[in-house]
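# A structural walkthrough
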Amino acid sequence: MKGVILAGGMATRLRPLTLVTNKHLLPIYNKPMIYYPLEAMKKAGIHEVLLTSSADHSGHFANLLGAGEFFGMKLYYAIQKNPKGGIADAISLAEEFAANNRYWSYLGTISSVMILKT
């Protein structure tokens with residue numbers, strides 16, 4: 001199984017903090033919020049993860065997470081060009097990545113789980 005973390009959106013609710021960075025990169029306790037879904041996926045045995053983000057913050061994720069070595073995973077990135085398209089638009093970016101495999105889609109800020117098969 002593969003993993004998909006949705007970390008895009010328009011970032012309007014947490015302004016002014018999200019004027020300079022993505023909400024998923026903000027610290028929660030002692031680490032960036034994005035670490036929590038990555039750690040959950042690692043514990044579940046998932047080793048390949050696609051992270052979706054908006055274009056203006058995608059480089060921030062790449063700078064922090066790289067290719068996933070810190071987590072013992074392979075990370076891939078996809079840019080959500082239409083954040084107004086919401087969750088459905090972000091999940092559509094995983095079509096090629098999932099390629100007939102089941103995958104765990106995780107909203108980057110909350111503990112919700114969707115197991116999908118394309």
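Cut-offs and rules
Residues numbered from 1 in each chain as written. Predicted model: local features only at pLDDT ≥ 70, side-chain atom pairs only at ≥ 80, totals over all residues. Heavy atoms only, no water. pLDDT = per-residue confidence, 0-100. Contact = heavy atoms within 4.5 Å. Salt bridge = Lys/Arg side-chain N within 4 Å of Asp/Glu carboxyl O. Core = buried A, V, L, I, M, F, W, Y, C linked by side-chain atoms within 4.5 Å. Buried < 20%, exposed > 50% of the residue type's maximum accessible area, 1.4 Å probe, protein only. Helix = DSSP H or I, 4+ residues; strand = E, 2+ residues; numbered from the N terminus. Pairing = 2+ DSSP bridges. Right-handed = clockwise from strand over helix to strand, strands pointing away. Polar contact = N/O pair within 3.5 Å; in protein donor to acceptor, adjacent residues only side chain to side chain. Phe/Tyr/Trp six-rings, centres within 6.5 Å; stacked < 30°, edge-to-face > 60°. Lys NZ or Arg CZ within 6 Å of the ring centre and 35° of its normal.

### Re the confidence of the model for the protein chain
- Model confidence for the protein chain is summarised by a mean pLDDT of 82, while 82% of its residues fall at 70 or above.
- Here residues 112-116 is a poorly scored stretch, pLDDT under 50, and it has 20 contacts once near neighbours within four places are set aside; other chains count.

### Structural notes on the pattern of salt bridges
- Scanning the model with the defined rule gives 1 salt bridge in all.
- Of the charged contacts in the structure, one is a salt bridge between Lys-31 and Glu-39, with a shortest N-O distance of 2.9 Å.

### Some remarks on the nonpolar core
- Grouped together as the largest cluster of nonpolar side chains are 17 residues, with contacts concentrated most on Ile-5, Ile-34, Leu-38, Met-41, Val-49, Phe-61 and Leu-65.
- Considering every element that reaches this core, the biggest residue donor is helix H1 (residues 35-43), with 3 residues.
- Core analysis: the next-biggest nonpolar cluster, separate from the first, contains 11 residues, Leu-6, Ala-78, Ile-91 and Phe-97 among them.

### Observations concerning the pairing of strand E4 (residues 48-53)
- With 5 of 6 residues buried, E4 is to be regarded as a mostly interior element.
- Summarising the sheet, E4 and strand E5 (residues 74-79) pair through 6 bridges and their orientation is parallel. The partner of Ser-53 across the bridge, within E5, is Ile-79.
- Read from E4 through helix H2 (residues 58-65) to E5, the crossover connection turns out right-handed.

### Examining unusual backbone geometry
- Positive phi outside glycine occurs at Tyr-29, with the angle close to 60°.
- Position of Tyr-29 relative to the elements: it lies in the loop between strand E2 (27-28) and strand E3 (31-32).
- With phi around 70°, Asn-100 is a residue other than glycine that occupies positive phi space.
- Along the chain, Asn-100 falls in the loop between helix H4 (95-98) and strand E6 (102-107).

### Considering the side chain of Lys-2
- Along the chain, Lys-2 turns up in strand E1 (residues 2-6).
- In terms of polar contacts, Lys-2 uses its side chain to reach the backbone carbonyl oxygen of Phe-97, at 2.8 Å.
- With residues up to four places along the chain from it excluded, the contact list for Lys-2 reads Ile-46, Glu-48, Phe-97, Ala-98, Asn-101, Arg-102, Tyr-103 and Trp-104.

### Description of the packing of aromatic side chains
- Evaluated as defined, the whole model comprises 4 aromatic pairs.
- Relative to Phe-70, the ring of Tyr-35 lies with its centre 6.0 Å away and its plane at 40°, an arrangement referred to as tilted. In this pair, Tyr-35 sits in helix H1 while Phe-70 sits in the loop between H2 and E5, placing the two residues 35 residues apart along the sequence.
- Between the aromatic rings of Phe-70 and Phe-71, the centroid separation amounts to 5.1 Å while the plane-to-plane angle is 90°, which identifies the pairing as edge-to-face.
- Phe-71 sits in the buried class, given a relative accessible area of 10%.
- The structure contains a cluster of three or more aromatic residues connected by ring pairs, namely Tyr-35, Phe-70 and Phe-71.
- If you follow Lys-31 out to its NZ or CZ, it ends over the ring of Tyr-36, 4.6 Å from the centre.

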